[in-house]
Amino acid sequence: MAIWGVIPAAGFGERMQSSIPKQYLELHGQSLLMRSINTLLANPAIDGVVVVLAENDTGFSDLPDSIRSRLITATGGDSRAESVAAGVRSVQHEAGDDAWALVHDAARPLLSSRDLLNLISQVSASDCCGGLLAAPVQDTLKRADHTGTVEVTVDRSDLWQAQTPQMFRVGALLSALARAKRDGVTVTDEASALEYVGEKPRVVPAMDPNFKLTRPSDLALATAWLASTNKPTTSSD
Ligand code: C5P
């Protein structure tokens, strides 16, 4: 069973208010993108990784370790879905329609090896079309109208926040993305594309923080989280 990682990294991330694309910002001395690549390549079940870069990307070749075995690049498009499709087509070329594509945002550098392993084990052991890491919604949810007046409190008991990685068969994912595109339907993650064609992806609960870095405060939070997990242990621990 071939499994290939696909990392869409062709966006800029304007809400980060940085002069360089978000994926090249550093977290404890290493770019967000290289952290995500290393986490995937460290899993022995993953055969290779495709990094999807913007057409005018100048940052990737400057990263340490950007040239190595099992790592290839593809050129992305105007939307995340188009970039993902370009990366998955590269996997199709390398490993065929039955291979698994495991799509992971460059902007989620905290993915833990145990959550990655759990996703791969649960999805490959199930007979469903694929699945995604997700976290149960913890806050109370309100639906409000355009004036900001609350209309209703939404039952959160069966609601999940979708994360990445999301793992689907190459052929099924490519045809779902193509159909959504043809019908003018915007999909913001891979599972939505599969849902659109009638499939029922599985959610796999994430155990560790795996939030997407969108704003400067997210970078500060991720920095603090990593510092706390890297703390040297003392004899009283
Ligand atoms: O902008 P956002 O954080 O939602 O992007 C999620 C991921 O999709 C990022 O890793 C970004 O680089 C990628 N992306 C892409 N191609 C685009 C837009 C976003 O690969 N056209």
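Draft legend 1. Structural detail: the side chain of Thr39. Along the polypeptide, Thr39 turns up in helix α1 (residues 32-41). The class of Thr39 is buried, set by a relative accessible area of 19%. Setting aside its immediate chain neighbours within four residues, Thr39 contacts Leu111 and Leu116.

Draft legend 2. Seen up close, the side chain of Ser66. By secondary structure assignment, the location of Ser66 is in the loop between β4 (48-53) and β5 (71-75). For Ser66, a relative accessible area of 11% gives the class buried. Not counting residues within four places of it along the chain, the set of residues in contact with Ser66 comprises Met34, Phe60, Ser61 and Leu71.

Draft legend 3. Fine view of the pattern of salt bridges. Inspection of every chain in the model, using the stated rule, returns 5 salt bridges. We note a salt bridge from Asp105 to Arg108, for which the minimum N-O separation is 4.0 Å. Note on Arg108: relative accessible area 10%, which makes it buried. What you see here is one network of salt bridges that share partners, running through Arg80, Asp105, Arg108 and Glu190.

Draft legend 4. Here's a closer look at the site of the ligand. In the vicinity of the ligand there are 14 residues, among which Pro8, Ala10, Lys22, Ser83 and Lys212 approach most closely. Within the contact set of the ligand, an oxygen atom lies 3.4 Å away from a backbone nitrogen or oxygen of Ala9. Elements that contribute at least two residues to the shell around the ligand include exactly β1 (3-9) and α2 (80-95). Classifying every residue of the shell around the ligand gives 5 nonpolar, 4 polar and 5 charged.

Draft legend 5. Here's a closer look at the pairing of β4. The buried fraction of β4 amounts to 6 of the 6 residues, a majority that puts the element mostly inside the structure. Because side chains alternate across β4, one face comprises the buried residues Gly48, Val50 and Val52, and the other comprises Val49, Val51 and Leu53, equally buried. Here β1 pairs with β4 via 6 bridges, running parallel. In the strand pairing of β4, Pro8 is matched with Val52. The pairing of β4 with β5 spans 5 bridges and is classified as parallel. If you follow Leu53 over to β5, its bridge partner there is Thr75.

Draft legend 6. How the structure looks around the confidence of the model for the protein chain. Overall, the predicted model of the protein chain reaches an average pLDDT of 95, with 97% of residues at or above 70. Ignoring residues within four places in sequence, the model shows residues 233-237, a span with pLDDT below 50, making 1 contact including any to other chains.

Parameters at a glance
- Sequence positions are assigned chain by chain, starting from 1 and proceeding in written order.
- Predicted model: local features are reported for residues with pLDDT of at least 70 only, side-chain atom pairs are reported and counted for 80 or more only, and whole-chain, interface and lining totals are derived from all residues.
- Heavy atoms from the whole structure form the basis of all side-chain values; hydrogens and water molecules are not counted.
- Here a helix means four or more residues in a row that DSSP labels H or I, a strand means two or more in a row labelled E, and each is numbered from the N terminus.
- Exposure categories follow from relative accessible area, calculated using a 1.4 Å probe and restricted to protein chains: below 20% of the type maximum is buried, above 50% is exposed, and the middle band is partly exposed.
- Contacts between residues were defined by any pair of non-hydrogen atoms, one from each residue, lying within 4.5 Å.
- Any Lys or Arg side-chain nitrogen located within 4 Å of an Asp or Glu carboxyl oxygen qualifies as a salt bridge.
- We define proximity as follows: a residue is near a molecule or strand when any one of its heavy atoms falls within 4 Å of that partner.
- Nitrogen and oxygen atoms within 3.5 Å of one another constitute a polar contact, given that in protein one can donate a hydrogen and the other can accept it, and given that sequence-neighbouring residues count only through two side-chain atoms.
- When residues are sorted by character, Ala, Val, Leu, Ile, Met, Phe, Trp, Tyr, Cys and Pro go into the nonpolar class, Asp, Glu, Lys and Arg into the charged class, and all the rest, Gly among them, into the polar class.
- When DSSP finds two or more bridges between two strands, those strands count as paired.
- Confidence of the prediction at every residue is given by pLDDT, a number between 0 and 100.

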